[in-house]
Every structure is written in structure tokens, then in C-alpha cells.
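Breakdown of the fold
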Amino acid sequence: MSGDSSKTFYLETFGCQMNVHDSEKVVGTLLQEGYRQVETVEEADLVLYNTCSIRDKAEQKVFNRLSDYKKYKKQGKTFGVLGCVAQQEGEKIFERAPYVSLVAGSASYRKLPEMLRQLEEAESAARETAGENAGLRDDASVVVTAGKSGVKSGSRKPEAESLVRITGLDDRETEDCFETEFTARTNPHRGYITIIEGCDKFCSYCVVPYTRGKERSRTSDSVLAEARQMADLGYTEIQLLGQNVNSYKDPAGKPGGDFRKTKTFAELLAAVGEIPGIRRVRFTTSHPRDFGHDIIDAIDAVPTLCDHVHLPVQSGSTRLLDAMQRLYTRDQYLERIAWMKSAKRPISITTDVIVGFPGETEADFNETLGLLDEVSYDAVFSFKYSPRPNTPSLSLEDAIPDEEKARRLDVLMTRQREIQTASYKRYIGTTCEVMVEGRNEARGQWIGRTSHNKTLNFTVPAIATPRVGNYVSVIVTSSFPNSLVGELVV
Ligand code: SAM
Ligand code: SF4
């Protein structure tokens, strides 16, 4: 397959930033293997979906997409399901979507080149078999399990099934990270770097520890090398990624590693921020249990570290936090908020909240509303609790009816909107530095992002033309609950 640039692929990504960045690495790997990326399913030989299973709605999306596959399969296209739904559902995907040929979870992506080659070889073997058995074109099948157990078997299958089946399902076994020098970043100015994969927290509602494997960190040396390489290529903003970046543990500190090179998360953050050419460093996601004061010290000491922390709380009730197995209390969470509020620069704080967790009483919910008032978040990502396969909370009683979850979500969003309406007004009259992200022609405005991660749409005088990726100063003239409006300072 390598070097065969006539092979085309289409990749659609669902879900979080981790998935977006995984897709950049998958695209890089495919390009390296000789594929060419195309914009539509119609043009593609290989159609891949990088899936998300964090909530039921996200999971359903991929099956909706695949419902169209039959007509495409007749055109000779190959389908693959990657990511969390792949890992969660495994070979069951072949039953639900029989024309899928490849099912691979994120923990097996480092074997992707091998799986792609196996896919290619197995498909040509299946085509030959089908040719030898004239009249059985759709009947022949080759089953391959990449990674764990190698080639499994070849056999005939009923008409409705795929010719080829390849799986890469590593569960919580792998120790490796998906490191590749071929990442195909889509934005030339700001980019992600994964520093830790998987999760060992096992919050009672969450599929991630089952779908993304155990926690495994990259060495700080390799993270810094990638960051320096990005700076050399002209990137000025880097976002360090992980499901729980605060539990980063430099493998250099393991037996056999070089202890002198070991860095804590806060030290790594500061070191990335000190790379010449890097102007902004972000990180997500933080877990309150592992969030240390040293992160605030690093933000205080290194101006390039952005004044924004996303610290998901999930609930304002200690009783519910306990049921969610979040490993902190409301008071411990608020202690971390107090650290942020006493930082040298005002830090913008955002969070995630789940409403309608089993057993959530009106009193628990009111505690969450009270927390929103107390913290005054700059953004809240709120979700209705979605029961997920394999998770401990699936067996909890006292499920909250969907209409009640929807009501609570609505109340919470309305309250937060009021909070943001008031708090965004305080920026009016201030000058912010923004990275220029693009232009909204319809509104005649440029789009910028502040260090505290707010969208700031701005107009420019006729004499000036900002360039995407540049940093400019903008004076804020008005505000909305989710964005600011301003004018370029010339
Ligand atoms: N690792 C991060 C953390 O601990 O906050 C977040 C990971 S998850 C991709 C993003 C958010 O999805 C979580 O913070 C949580 O609010 C939400 N989430 C996770 N599982 C959920 C579920 N079963 N139902 C509803 N929301 C969920
Ligand atoms: Fe899921 Fe909890 Fe891990 Fe976040 S910390 S990914 S919510 S288990």
C-alpha cells in the first residue's frame, strides 16, 4: 500500500479535543502509508469514523452515518470505526454494521500501519477468493485480528457481511503512547500535544478508563522535542492534552530512566512556556484531586502560560461527588478555586457539570447552582447524565427521569447565562491581546481569541489588515454572554 497515492481516505471525527488530535495523528500515518485525504465519502476508497462514546447521543451518531454504508459498499468502499465506540463495542460492531472492515480503539493506533497493510492484503485475498468462486462475490471473507493475536482465520460468511474484518482492541493492556512524527496538524499556528493517554480515575459514570486504556505518560524529553519542533515550524500556541494532565508522571523517573530529566506536570508546563517562539501554552483537562498549587506558581512565574484553567467539578454536592467517585469534596474543590483567585493574574475558570446523576436531589442540584454563583465561571459545559455501558453508576437506583434532567439542565444554563452576562461586561473598556483566528465576512468582523480563551470579534480601520495567526491588541467595546466585541488598537 505504501506509495500508492491513488488510494484515498475520508475521516470524520466526533467528540473531544483528544479525538481531534488523535485524528491528526491518524491522518499523518495514513498519508505516510501512501493514502491521499479527500473531503467527501463519495471520493474515498477508505471511510473512517473516529468515534466518541462519552454520552449515548455521541455514540448514536456513528451508527447513523453507517446506516448509509450499504450503497457505498457496493461501490467498493472500505469502512473503519476508530476510537471509543470501537473499543467499547469491539467485534459487536460487525454485527450491527456488517460492512465495516476495521475496528480499532485508540490504544492500538500505534499498530495502524500494520493494520492498514493487513487490511489491504486481506481485501485483495478476499477479492481473489471471490473471483475463484464465481457467483460468491459477496460471500468470501477474511478475518484478521491485528496486534494482540495476529492473523486469526479466513472463512466464508453470509452475503450481508464484509469481505474483511480487522480488529485492533487493546483494552487496558498497552503501556505505549501513540507517538508519531507524522502528525498532520490542521492549524499552522496553534496545535495540540498529547502528554498523557488513558485514565485511571474510574469516575463512576465515565467510559474513558475502559475505552482509552490505562494512564501512560510520554517522557518530558519527547514532549519538549515535539514542542520545539512546532516552534521551529512557526507554531506560537501549544495546548497540552490528556484526560487528566495533572496526574502526568514522567517515565524518566521510572527505574531505568534518567532521574535527572524527570519533570512534574507544572515543570513541564513551564518548560514548554519557555521555548523561544512559544507565546501561549494551554492545558486540558485538569482533575481537581491532582491539581496542585505548583500549577498556579508556574502560571505566576511564566507569562506565556495562559490565564485560563478548565477544572471540571461535575457537582456542587459532596454527597454526589462521593457517588460519582470523584475523590474530592466541595470544600477541597473550592480550595483550588481560592488558589486561582489569589494568583498574580486574574485566571479565567471554566468547568463541566453533570445534571441528573442517579439520586441527585433538589438540594444537591441547588448546591451546584450555589457553586456557580460562588465561583463565577467564565463558561460551563453542562450535560444530562447519560448511563454508559460497563460503568458502576449504571447499576445505581433512583434514576432521574429525562424530563427532569432536561429541566435541571435548562435551569442551570439560564443561571450560568446570567452570571456570564454580568461577568463579561467587566471587560468593556479593557484592552486584550488576541490571536487572530479568521474573519467573519457576513458580519464584517475579525475573530480573535484571548489568553483567557474568550472569543473576541473585532473590527479594524481601513488602513489595517490583520493576518491569521498574528497577535494584536483589541479594545473591548461591548459584550455578549459567550463572547466579546471590540476594535483593533492601531
Ligand atoms: N477527564 C475529564 C474530567 O475528569 O473532567 C473529562 C473527560 S469527559 C471527555 C468530558 C466531560 O464529559 C466530563 O467532564 C463530564 O462532565 C462529561 N461526562 C462524562 N461521562 C458522562 C456521562 N456518562 N454522562 C454525562 N456526561 C458525562
Ligand atoms: Fe472520565 Fe473521570 Fe477519567 Fe475524566 S477523570 S476521563 S471523567 S474517569
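In this report, the structure presented in the accompanying data block is examined. (Residues numbered from 1 in each chain as written. Chains lettered and ligands numbered in written order. Predicted model: local features only at pLDDT ≥ 70, side-chain atom pairs only at ≥ 80, totals over all residues. Heavy atoms only, no water.)

Some remarks on unusual backbone geometry
- Between Thr284 and the following residue, Thr285, the backbone shows a cis peptide bond with an omega angle of 5°.
- Within the secondary structure, Thr285 is located in the loop between strand E13 (280–284) and helix H10 (293–301).
- Of note in this structure, Ser376 is not a glycine but carries a positive phi near 60°.
- Secondary-structure assignment places Ser376 in the loop between helix H13 (362–375) and strand E16 (379–384).
- Judged by its relative accessible area of 32%, Ser376 is partly exposed.
- One non-glycine residue, Asn390, lies in the positive phi region at around 70°.
- Inspection of the secondary structure puts Asn390 in the loop between E16 and helix H14 (402–425).
- The exposure class assigned to Asn390 is exposed, which follows from its relative accessible area of 53%. (Helix = DSSP H or I, 4+ residues; strand = E, 2+ residues; numbered from the N terminus. Buried < 20%, exposed > 50% of the residue type's maximum accessible area, 1.4 Å probe, protein only.)

Considerations on the pairing of strand E18 (residues 445–450)
- Inspection of the sheet shows strand E17 (residues 431–440) paired to E18 by six bridges, in the antiparallel sense. Residue pairing across strands places Arg439 opposite Trp446, the latter belonging to E18.
- The antiparallel pairing of E17 with E18 creates a hairpin that spans four residues between the two strands, and Gly444 there sits at a positive phi of about 65°.
- With four bridges connecting them, E18 and strand E19 (residues 455–459) associate as antiparallel partners. If you follow Arg449 over to E19, its bridge partner there is Thr455.
- Connecting the antiparallel pair E18 and E19 is a turn made up of four residues, with Asn453 showing a positive phi of about 70°. (Pairing = 2+ DSSP bridges.)

A short note on the sheet that holds strand E12 (residues 237–241)
- Strand order in the open sheet formed by three strands is E9-E12-E13, with parallel pairing between adjacent strands. Both outer strands of the open sheet, strand E9 (190–194) and E13, are each paired with one neighbouring strand and no more. Within the sheet, the average angular offset between the axes of one strand and its neighbour, ignoring direction, is 20°.
- With five bridges connecting them, E12 and E13 associate as parallel partners. When the bridges of E13 are listed, Leu240 appears paired with Phe283.
- Where helix H8 (residues 220–232) meets the sheet, its contacts fall on E9 and E12, and the angle it forms with E9 comes to roughly 165°. (Axes fitted to C-alpha atoms, helices over the stretch in contact; angles between N-to-C directions. Contact = heavy atoms within 4.5 Å.)

Considerations on the site of ligand 2
- Every residue near ligand 2 is listed here: Cys199, Lys201, Phe202, Cys203, Tyr205, Cys206, Val208, Pro209, Gln243, His287 and Arg326.
- Its residues assigned to classes, the shell around ligand 2 shows seven nonpolar, two polar and two charged. (Near = heavy atom within 4 Å. Nonpolar A, V, L, I, M, F, W, Y, C, P; charged D, E, K, R; others polar.)

Structural notes on the packing of helix H12 (residues 330–341) against H13
- At a closest axis distance of 12 Å, the pairing of H12 and H13 adopts a crossing angle of 15°. Regarding the angle of H12 to H13, the classification is roughly parallel. Once H12 is placed against H13, the crossing between them reads as right-handed. Each of Arg330, Tyr333, Leu334, Ile337 and Lys341 in H12 lies in contact with H13, whose residues at this interface are Glu367, Gly370, Leu371, Glu374 and Val375.
- The residue makeup of the contact of H12 with H13, split by class, is five nonpolar, one polar and four charged. (Parallel < 35°, antiparallel > 145°, perpendicular 65-115°, else oblique. Left-handed = near helix turned anticlockwise from the far one by under 90°.)

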